[in-house]
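The residues making up each chain are set out below.
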Amino acid sequence: DPKIIQKPKYLVAVTGSEKILICEQYLGHNAMYWYRQSAKKPLEFMFSYSYQKLMDNQTASSRFQPQSSKKNHLDLQITALKPDDSATYFCASSRDWGGGAETLYFGSGTRLTVL
Amino acid sequence: GDSVTQTEGLVTLTEGLPVMLNCTYQSTYSPFLFWYVQHLNEAPKLLLKSFTDNKRPEHQGFHATLHKSSSSFHLQKSSAQLSDSALYYCALSDGSGTYQRFGTGTKLQVVP
């Protein structure tokens, strides 16, 4: 059974629209992350959360907003979508944040295509 | 700033030959190095990790030694298998506890 569930698996959106990517983890981890994978920038860090608190944000655009309603839940809202946002978005988790040696566990990703 | 460099975008090998994928890094603090493997249409998953100088962790026949003197963490395997074909990422985390930075990845293609 997958321990990190991402929904949907595939998403097609039109330019200018808004979408929410869902992520839930059942590993009992305290830290969650979003990474983006595209042809231009393979596995680029976006956000990290620890106990539902934003720890790090490396996303320049405010169009990307993470939302954490529960410790094991970290959604990603993307507004005013652009074709350049087309990528696979991976949710990940680790036991704790900030330990340096923490292993990341990745979900299967949401492949977003913006037309 | 901290960074990871993987110089090879694509490595094509014949089955049975040794594998070596390069990874070098720059880090301000004491580094933690990782290798993740991503098979086609799957999520990346940890292959091995190290933060101790000159120690050689091994997993599934792969090994890598962290050499702080040369800032390297090359991935090696003595004999490539067809099932090793995948995308391999080297990643770095430092002692300040921020996020893991990934290299650009090396696609390993093992052919019969």
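This is a predicted model, so every value here is computed, not measured.

Participant: What should I look at first to understand the overall build of chain A in this one?
Facilitator: Across its full length, chain A carries 0 helices and 11 strands. Along the chain direction, N to C, the helices and strands of chain A fall in the order β-β-β-β-β-β-β-β-β-β-β. Over its C-alpha trace chain A gives a radius of gyration of 13 Å, about what one expects of a compact globule, namely 13 Å for 115 residues. Structurally, chain A occupies a C-alpha span of about 40 × 30 × 25 Å along its principal axes.

Participant: Hey, could you run me through the interface of chain B and chain A in this one?
Facilitator: Reports often express the size of an interface as the amount of accessible area lost when the parts come together. Contacts between the two partners involve 22 residues from chain B and, on the opposite side, 20 residues from chain A. For the pair chain B and chain A, the summed buried area comes to about 1,600 Å², and 58% of that belongs to carbon and sulfur atoms. Run the count over chain B and chain A and you get 0 salt bridges. At the level of elements, β5 (31-38), β6 (45-50) and β10 (86-94) of chain B are the ones that each hand at least two residues to the side of chain B that touches chain A. The residue makeup of the side of chain B that touches chain A, split by class, is 11 nonpolar, 8 polar and 3 charged.

Participant: Even after reading the chapter, I still don't get the state of the cysteines, so can you show me in this structure?
Facilitator: One way to say it: the disulfide is the covalent bond shared by the sulfur atoms of two cysteines. Residue and element names in this part refer to chain A. Evaluation of the coordinates by the stated rule reveals 2 disulfides over all chains. Shown here is the disulfide that connects Cys 23 with Cys 91, its sulfur atoms set 1.9 Å apart. When the S-S torsion is -70°, as for the bridge of Cys 23 with Cys 91, the disulfide is left-handed. You can see Cys 23 sitting in strand β3 (residues 19-25) and its partner Cys 91 sitting in strand β9 (residues 87-94), a full 68 residues away along the chain. Given a relative accessible area of 0%, Cys 23 falls into the buried group.

Participant: Any chance you could explain the sheet that holds strand β7 (residues 58-59) of chain B here in plain terms?
Facilitator: Ordered in space as β3-β9-β8-β7 (chain B), the 4 strands form an open sheet in which the pairing is antiparallel. Sheet topology places β3 (19-21) and β7 of chain B at the edges, where each strand pairs with a single neighbour.

Participant: I tried to follow the packing of aromatic side chains on my own but got confused; where do I start?
Facilitator: Between two aromatic rings, the relevant description is the distance of the centres plus the angle of the planes. Applying the stated criterion across every chain yields a total of 13 aromatic pairs over all chains. Geometrically, the ring pair formed by Phe 34 of chain B and Tyr 36 of chain B is stacked, given 6.0 Å between the ring centres and 25° between the ring planes. The same class applies to Phe 34 of chain B and to Tyr 36 of chain B, which are both buried. Taken together through their ring pairs, the aromatic side chains of Tyr 35, Phe 45, Phe 90 and Phe 106 of chain A together with Phe 34, Tyr 36, Tyr 89, Tyr 99 and Phe 102 of chain B make up a single cluster. A cation sits over an aromatic face here: Arg 36 of chain A above Phe 64 of chain A, 5.1 Å from the ring centre.

Participant: I tried to follow the pairing of β3 of chain A on my own but got confused; where do I start?
Facilitator: Regular strands place side chains that alternate from one sheet face to the opposite one. Residues and elements named next belong to chain A. Pairing of strand β1 (residues 4-7) with β3, which is carried by 4 bridges, proceeds in the antiparallel orientation. Across the sheet, the residue bridging to Lys 7 is Ile 22, located in β3. Sheet analysis places β3 next to strand β8 (residues 73-78), joined by 4 bridges and oriented antiparallel. Its bridge partner being in β8, Leu 21 is matched across the sheet by Leu 76.

Participant: Explain the side chain of His 73 of chain A here, please?
Facilitator: Residues and elements named next belong to chain A. For His 73, the position within the fold is in strand β8. For His 73, a relative accessible area of 11% gives the class buried. In this structure the side chain of His 73 is engaged in a polar contact, spanning 3.0 Å, whose partner is the side chain of Asp 75. Excluding residues that lie within four positions of it along the chain, His 73 makes contacts with Ile 22, Cys 23, Glu 24, Met 32, Gln 67 and Ser 68.

Criteria and cut-off values
Residues numbered from 1 in each chain as written. Chains lettered and ligands numbered in written order. Predicted model: local features only at pLDDT ≥ 70, side-chain atom pairs only at ≥ 80, totals over all residues. Heavy atoms only, no water. Helix = DSSP H or I, 4+ residues; strand = E, 2+ residues; numbered from the N terminus. Rg over C-alpha atoms; globule rule 2.2 N^0.38 Å. Contact = heavy atoms within 4.5 Å. Buried area = accessible area lost by both parts, 1.4 Å probe. Salt bridge = Lys/Arg side-chain N within 4 Å of Asp/Glu carboxyl O. Nonpolar A, V, L, I, M, F, W, Y, C, P; charged D, E, K, R; others polar. Disulfide = S-S within 2.5 Å. Buried < 20%, exposed > 50% of the residue type's maximum accessible area, 1.4 Å probe, protein only. Pairing = 2+ DSSP bridges. Phe/Tyr/Trp six-rings, centres within 6.5 Å; stacked < 30°, edge-to-face > 60°. Lys NZ or Arg CZ within 6 Å of the ring centre and 35° of its normal. Polar contact = N/O pair within 3.5 Å; in protein donor to acceptor, adjacent residues only side chain to side chain.

By themselves, these observations are geometric and do not establish any function.
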